[in-house]
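Residues per chain are reported as follows:
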Amino acid sequence: MLCAVTADLRRAEAGDGGGGGGGDAHPASAPPSLPAEHAHPPRRSRLRRWLRRAALACAVVLPAVTAASFVYNGVTAGRAAPPRGLRYVQAADIRTRYQTWGTAGPPVVLVHGAFESVDTWSRLAPLLARDHRVYALDLTGDGYSERHGPYTVDHFTRQLLGFLDAMHLGGPGERPLLVGHSSGAAVVTEAALRAPGRLGGVMLLDGDALDTGAGPPPAFKYVLIDPYRTSLLRLGLGVDAVIRSVYDAQCGPSCPRLDAAGLDQWRRPLRVPGAEDALWSMLRAGVPGLPADQVARLAGVRLPKSVVFGARDDVFTRQTPQETARRIGAPPATLIAGARHLTMISSPEAVATAVDRLTAASIAASR
């Protein structure tokens, strides 16, 4: 990026021509020329020397960094295999990894957010399984499901509804509660708008379902260029401290510390074949969501609804939980004290209690 800026500045300097305008339309009226010793102020001379040195450094360093990046990418080209024993089903056009817990009770389907997976629910799902049949799937682009774009709310929703078909959910007595975490909130919202008669209720967990344009900053485009983006991703994934710092910031002090298995849970899905290309596509598209007026249509859908947030979730503003509840026609939002953005990990008991309340409301509404 520095080299690109340097080149732009040098072009600007060249265009200036030392005379401030690239030629004078009225040479007869031009002021007298300055003496030679004053034609180029010292500050401009220093800037030109700096630009020349920066350009020379780029000419030397950039090829070396590029070559090193290609070599590193070649050495680390081997991809990881998914864990053994995973279960798959065809959901719409996606070969979808899923997991189930529990054998009796009302069904609940858990839908993760961006860069999460079925494994994100590993603390919550066993608690829910005491009184529910629990299902979770990996949306395409994340986890171990087939990578198959586009990575949009529309495509995710078709996969989710296809998953309900594959699990024989959605009929009388088999209408599941959908719990969507973070960007998964947009997916369950869209599913409820498309097929409300197939559902028993909807919970937005740590997510407002909105298309806010969230994503990497514009300058990030400079590292979304190969071979550098691949090198940066693989280097970052190889450092345990990087993964732990992101996890700790999102999860908070109530979450268990990541051991070797926990690190692998977050790291490996980004190392399987196709994961890197899917990641870049999703980063370019930004966090998936829906327009506010479309989310507000959920208020007119006759389904039990619930909004649950960590009270210290700094991904959103303090007003977001209650604003979201009002927008979708839900009761006042439930705030989990001390929790941040990964409430299903930090506070699984509190989330399970909120799901039980929504289940009760769903059963009452069906009578």
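This text goes with the structure placed above it.
The structure displayed is predicted, hence computed values, not measured ones. (Residues numbered from 1 in each chain as written. Predicted model: local features only at pLDDT ≥ 70, side-chain atom pairs only at ≥ 80, totals over all residues. Heavy atoms only, no water.)

## Here's the deal with the nonpolar core
Convention followed: Here, nonpolar core refers to any group of buried Ala, Val, Leu, Ile, Met, Phe, Trp, Tyr and Cys residues whose side-chain atoms link them within 4.5 Å. Type-normalised accessible area, obtained with a 1.4 Å probe on protein chains alone, sets the label of each residue: buried when under 20%, exposed when over 50%, and partly exposed for intermediate values. Secondary structure elements are defined from DSSP: runs of H or I of at least 4 residues count as helices, runs of E of at least 2 residues count as strands, and each element is numbered from the N terminus. Contacts are assigned to residue pairs with any non-hydrogen atoms lying within 4.5 Å of each other.
Among the nonpolar cores identified, the biggest contains 45 residues, and Val109, Val111, Leu137, Leu160 and Phe163 are the most heavily contacted of them. If one sorts the elements of this core by residue count, helix H5 (residues 184-194) sits on top with seven residues. Excluding its chain neighbours within four sequence positions, the residues that come into contact with valine 111 are Trp121, Leu137, Leu139, Leu160, Val179, Gly180, His181, Gly184, Val187 and Val188. Formed by 33 residues, the second largest nonpolar core is a distinct cluster that contains Leu124, Tyr247, Leu258 and Leu263.

## Considerations on the sheet that holds strand E1 (residues 87-91)
Sheets are built from strands paired through backbone hydrogen bonds, the pairs being either parallel or antiparallel. What counts here: Only strands that DSSP links by at least two bridges are regarded as paired with each other. An axis is simply a line fitted to the C-alpha atoms; with a helix, the fit covers only the stretch in contact. Between two such axes, the angle follows the N-to-C directions and lies from 0 to 180 degrees.
Strand order in the open sheet formed by eight strands is E1-E2-E4-E3-E5-E6-E7-E8, and the pairing between neighbours is mixed. Across the chains shown, the open sheet's two edge strands, defined by having one partner strand only, are E1 and strand E8 (334-336). Averaged over all pairs of adjacent strands, the angle between their axes in this sheet comes to 25 degrees, without regard to strand direction. Note that strand E5 (residues 177-181) and strand E6 (residues 201-205) share five bridges and pair parallel.

## A short note on unusual backbone geometry
That bond from glycine 149 to proline 150 is cis: its omega, 5 degrees, falls within 30 degrees of zero. The topology assignment puts proline 150 in the loop between strand E4 (133-137) and helix H4 (153-166). In this structure, phenylalanine 115 is a non-glycine residue whose phi angle is positive, near 65 degrees. Within the secondary structure, phenylalanine 115 is located in the loop between strand E3 (107-111) and helix H3 (125-128). On the basis of relative accessibility, which here comes to 40%, the residue phenylalanine 115 falls in the partly exposed class.

## What about the packing of aromatic side chains?
For clarity, the threshold we go by: Two rings belonging to Phe, Tyr or Trp (six-membered ring only in the last case) form a pair when the distance between their centres is within 6.5 Å. Interplanar angles under 30 degrees mark stacking, angles over 60 mark edge-to-face geometry, and anything in between is tilted. We call a charge positioned above a ring when the Lys NZ or Arg CZ atom is no farther than 6 Å from the ring centre and deviates by at most 35 degrees from the ring normal.
Under the counting rule described, the total for this entry stands at three aromatic pairs. Here the guanidinium or amino end of arginine 95 rests over the ring plane of tyrosine 88, the centre of that ring lying 3.9 Å away.

## Some remarks on a positive patch on the surface
Put simply, the rule reads: Without a salt bridge and with relative accessible area above 30%, a residue can belong to a patch; like charges are then joined within 9 Å and nonpolar side chains (Val, Leu, Ile, Met, Phe, Trp, Tyr) within 5 Å. Using a 1.4 Å probe, the Shrake-Rupley method yields the accessible areas, and only the shown protein chains count as cover for residues. By convention in these notes, a salt bridge is any Lys or Arg side-chain nitrogen within 4 Å of a carboxyl oxygen on Asp or Glu. In this count, Lys and Arg are taken as positive residues and Asp and Glu as negative ones, while His and the chain termini are left out. Taken as the charge location is NZ of Lys, CZ of Arg, CG of Asp or CD of Glu.
Among the surface-exposed residues, Arg46, Arg49, Arg52 and Arg53 lie close enough to one another that they form a single positively charged patch. Relative to the elements of secondary structure, arginine 46 occurs in helix H2 (residues 42-75). Assessed through its relative accessible area of 48%, arginine 46 is described here as partly exposed.

## Quick notes on the side chain of threonine 320
With respect to the secondary-structure elements, threonine 320 resides in helix H11 (residues 320-328). Excluding its chain neighbours within four sequence positions, the residues that come into contact with threonine 320 are Asp208 and Phe309.

## A look at the pairing of E4
Counting buried positions over the five residues of E4 gives five, a clear majority of the element. Neither face of E4 is left uncovered, since the one carrying Arg133, Tyr135 and Leu137 and the one carrying Val134 and Ala136 both have all their residues buried. In the sheet, strand E2 (residues 94-101) pairs with E4 via four bridges, with the strands oriented antiparallel. In the strand pairing of E4, tyrosine 98 is matched with leucine 137. Two strands pair when backbone bridges link them, and E3 and E4 are joined in this way by five bridges, in the parallel orientation. Considered in E4, the bridge of proline 107 is made with arginine 133.

## Here we look at the pairing of E1
The side chains of a regular strand alternate, residue by residue, between the two faces of the sheet. The pairing of E1 with E2 spans five bridges and is antiparallel. Bridged to glutamine 90 within E2 is arginine 95. Counted along the chain from E1 to the antiparallel partner E2, the turn is two residues long, and its residue alanine 92 has a positive phi close to 55 degrees.

## A short note on the pattern of salt bridges
Going through the model one piece at a time under the given rule, you end up with 11 salt bridges. A salt bridge links arginine 97 to aspartate 138, with the nearest nitrogen and oxygen atoms 3.1 Å apart. Separated by 41 residues along the polypeptide, arginine 97 in strand E2 and aspartate 138 in the loop between E4 and H4 bring together distant segments of the chain. Comparing arginine 97 with aspartate 138, the two get one shared label, buried.

Scope: geometric values only; no functional claims are made or implied.
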